[in-house]
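Below, each chain spelled out in residue letters.
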Amino acid sequence: TLIGADRPGIVNVLSDVAQRFGANWAGSRMASLAGQFAGMVHFEVPDREAESLANALRGLDASGLHVVIARGAAAAAPGARRRVRLELVGQDRPGIVRELSGALAQCGVSIEELDTEIGSAPMSAERMFKIDALLDLPEGLTDDELRHDLEALANEMMVGIEVEAPAGGA
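Scope of this entry: the structure provided in the associated data block. Values in this document were obtained by computation on a predicted structure and should not be read as measured data. (Residues numbered from 1 in each chain as written. Predicted model: local features only at pLDDT ≥ 70, side-chain atom pairs only at ≥ 80, totals over all residues. Heavy atoms only, no water.)

### Points about the sheet that holds strand E2 (residues 24–33)
Just so we agree on the cut-off: The criterion for strand pairing is that DSSP finds at least two bridges linking the strands in question. Runs of H or I in DSSP of at least four residues are treated as helices and runs of E of at least two as strands, each being numbered from the N terminus.
Pairing within the open sheet is antiparallel, and its four strands lie in the order E2-E3-E1-E4. Sheet topology places E2 and strand E4 (66–67) at the edges, where each strand pairs with a single neighbour. Examined bridge by bridge, strand E1 (residues 2–5) and strand E3 (residues 36–44) share four bridges and lie antiparallel to one another. By the bridge assignment for E3, Leu2 is matched with Gly39.

### As for the packing of aromatic side chains
This is how the line gets drawn: Ring pairs shown here join Phe, Tyr and Trp side chains whose ring centres sit within 6.5 Å, with only the six-membered ring taken for Trp; geometry is labelled stacked below 30 degrees between planes, edge-to-face above 60, and tilted in between. For the exposure calls, accessible area comes from a 1.4 Å probe over protein chains only, and a residue counts as buried if that area is under 20% of its type's maximum, exposed if over 50%, partly exposed in between.
Applying the stated criterion to the full structure yields one aromatic pair. When the ring of Trp25 is compared with that of Phe43, the centres are 5.4 Å apart and the planes differ by 90°; the resulting orientation is edge-to-face. Note that Trp25 is positioned in strand E2 and Phe43 in strand E3, a separation of 18 residues in sequence. Classification of Phe43 as buried rests on a relative accessible area of 15%.

### Examining the sheet that holds strand E5 (residues 82–91)
The criterion, for reference: Axis geometry follows a simple rule: fit a line to the C-alpha atoms, using only the stretch in contact for helices, then measure angles between N-to-C directions, giving values from 0 to 180 degrees. Note on contacts: a residue pair is in contact if any heavy atoms of the two residues lie within 4.5 Å.
Strand order in the open sheet formed by four strands is E6-E7-E5-E8, with antiparallel pairing between adjacent strands. The sheet terminates laterally at strand E6 (110–120) and strand E8 (159–164), the two strands that pair on one side only. For this sheet, the mean angle separating the axes of adjacent strands, direction not counted, is 15°. Alignment of E5 against E8, held across six bridges, turns out to be antiparallel. Each residue of the ladder has a partner; that of Gly90, found in E8, is Val159. Packing against the sheet, helix H3 (residues 96–106) makes contact with E5, E6 and strand E7 (127–137), and its axis sits at approximately 20° to E7. Sheet contacts for helix H4 (residues 143–157): E5, E7 and E8; angle to E8, the most-contacted strand, approximately 170°.

### Notes on the packing of helix H1 (residues 10–20) against helix H2 (residues 47–58)
Helix packing geometry: the angle between the two helix axes and the distance between the axes. Basically, it comes down to this: Note that the term roughly parallel is reserved for angles under 35 degrees, roughly antiparallel for angles over 145, roughly perpendicular for angles of 65 to 115, and oblique for everything else. Left-handed describes a crossing whose near helix is turned anticlockwise from the far helix through less than a right angle; right-handed describes the clockwise counterpart. Nonpolar residues are Ala, Val, Leu, Ile, Met, Phe, Trp, Tyr, Cys and Pro. Charged residues are Asp, Glu, Lys and Arg, and all others, Gly as well, are polar.
Two numbers describe how H1 lies on H2: the axes approach to 9 Å, and their chain directions differ by 155°. Viewed along their axes, H1 and H2 adopt a mutual orientation that is roughly antiparallel. Viewed along their axes, H1 and H2 form a crossing whose handedness is right-handed. Residues Leu14, Val17 and Ala18 of H1 pack against Leu53, Ala56 and Leu57 of H2. A per-class count over the contact of H1 with H2 returns six nonpolar, no polar and no charged.

As structure tokens, this is what we get:
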């Protein structure tokens, strides 16, 4: 995981360091927000090079990138999860993320990806809050049960919530 002031070339520097140690760039999530760059990268690296790569990545602190390294376990089998995409739109106000995440946690749902933004409503220019999330559902929780719980929450919060299978059928 890395964070620092956004500037051109951050991904290139990171990929260059990884390449020097034979690391494969297996996955990533990166974004720039409010002038800051934040990213998570999963590198697959030979065991004999893992510590050297970690030290080189920590050396990026000198260039203004704060790096935190966590060694991951093997990924779960691809078919072991059932995921749904959630979209929420409503008038912006404090507490929306807290209320939604609390309801999901009570259902045993894990938030795998979360994107939020504030925009303007088309006709009124009113501030609208939007959430796009990928959810990992526990075994035993049906889509209908999740929809029922979220519809009740949507009514309380006065927001619109849609739940559907993610693109690509994951």
